[in-house]
Amino acid sequence: MIISTKGEYALRVMTELAGLEKGERLPLKEIAQHQNISLKYLESIMALLSRNNLVEAASGKGGGYSLIRDADQYSLLEILNVTDGDLAPVSCNAVTGDGCDRLTGCPTYPVWRELSELIAGYLGGKTLNDLRGISNDT
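### A few points about helix α5 (residues 109-124)
(1) Moving on: Between its terminal C-alpha atoms α5 stretches 22 Å, which fits the 22 Å expected from 16 residues at 1.5 Å a residue.
(2) Moving on: For α5, the full list of buried residues reads Tyr109, Ser116, Ile119 and Leu123. End-on view of α5: buried residues confined to an arc of 100°, all on one side of the axis. When the buried face of α5 is taken as reference, the exposed residues oriented beyond 90 degrees from it are Leu118 and Tyr122.
(3) Moving on: Packed against the buried residues of α5 are α4 (76-84).

Structure, rendered in structure tokens:
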């Protein structure tokens, strides 16, 4: 499993947006400058995040991007699933068992399934606030 640059950048951008005050928006150009990401690449990332209802875009004066929900309501797994798709550790169907003719008796299936569950559990249990160093217990 390798997280793409799109996934890495999405986490950085979402973490920056998590630091905004309620009702505040950050223009795309500013995000690109702060994160040192090309504007064209960032546009594609933000369009993807917006289409999947993770961020809200507003145009015109005072426009820009903001989170739709509170930062503690976004798991890292949710964001990475949008940018990178399935985060399975192997490319075969051993993780889900769907359509795998060799599942019965496959010696690797339990390992891949457990690793996939560990990855999903870890990333699913982390939020944008964790990246910001803010405890979700408060």
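And the narrative resumes.
### Section: the packing of helix α1 (residues 5-18) against helix α3 (residues 39-51)
(1) Moving on: Direction vectors running N to C along α1 and α3 enclose 75°, while the axes themselves pass 10 Å from each other. Looking at the two axes, α1 sits roughly perpendicular to α3. Across the interface between the two elements, Thr5, Lys6, Tyr9, Ala10, Val13, Met14 and Leu17 from α1 touch Tyr41, Leu42, Ser44, Ile45, Met46, Leu48 and Leu49 from α3.
(2) Moving on: By residue class, the composition of the contact of α1 with α3 is 11 nonpolar, two polar and one charged.

### Thoughts on the layout of surface pockets
(1) Moving on: Empty space within the largest pocket amounts to approximately 270 Å³.
(2) Moving on: Taken together, 15 residues line the largest pocket, and the ones lying closest to its centre are Leu20, Glu21, Lys22, Leu67 and Arg69.
(3) Moving on: Contributions of two or more residues to the lining of the largest pocket are made by α1 and β2 (64-67).
(4) Moving on: For the lining of the largest pocket, the per-class residue count stands at six nonpolar, two polar and seven charged.

Reading the values: rules and limits
- Residues numbered from 1 in each chain as written.
- Predicted model: local features only at pLDDT ≥ 70, side-chain atom pairs only at ≥ 80, totals over all residues.
- Heavy atoms only, no water.
- Helix = DSSP H or I, 4+ residues; strand = E, 2+ residues; numbered from the N terminus.
- Expected span 1.5 Å × (residues − 1).
- Buried < 20%, exposed > 50% of the residue type's maximum accessible area, 1.4 Å probe, protein only.
- Arc of directions from axis to C-beta.
- Contact = heavy atoms within 4.5 Å.
- Axes fitted to C-alpha atoms, helices over the stretch in contact; angles between N-to-C directions.
- Parallel < 35°, antiparallel > 145°, perpendicular 65-115°, else oblique.
- Nonpolar A, V, L, I, M, F, W, Y, C, P; charged D, E, K, R; others polar.
- 1 Å grid on protein atoms, 1.4 Å probe; cavity = no way out; pocket = protein on both sides within 12 Å on 5 of 7 lines; lining within 4 Å.
- Points joined across faces, edges and corners; volume = space filled by probe spheres on them.

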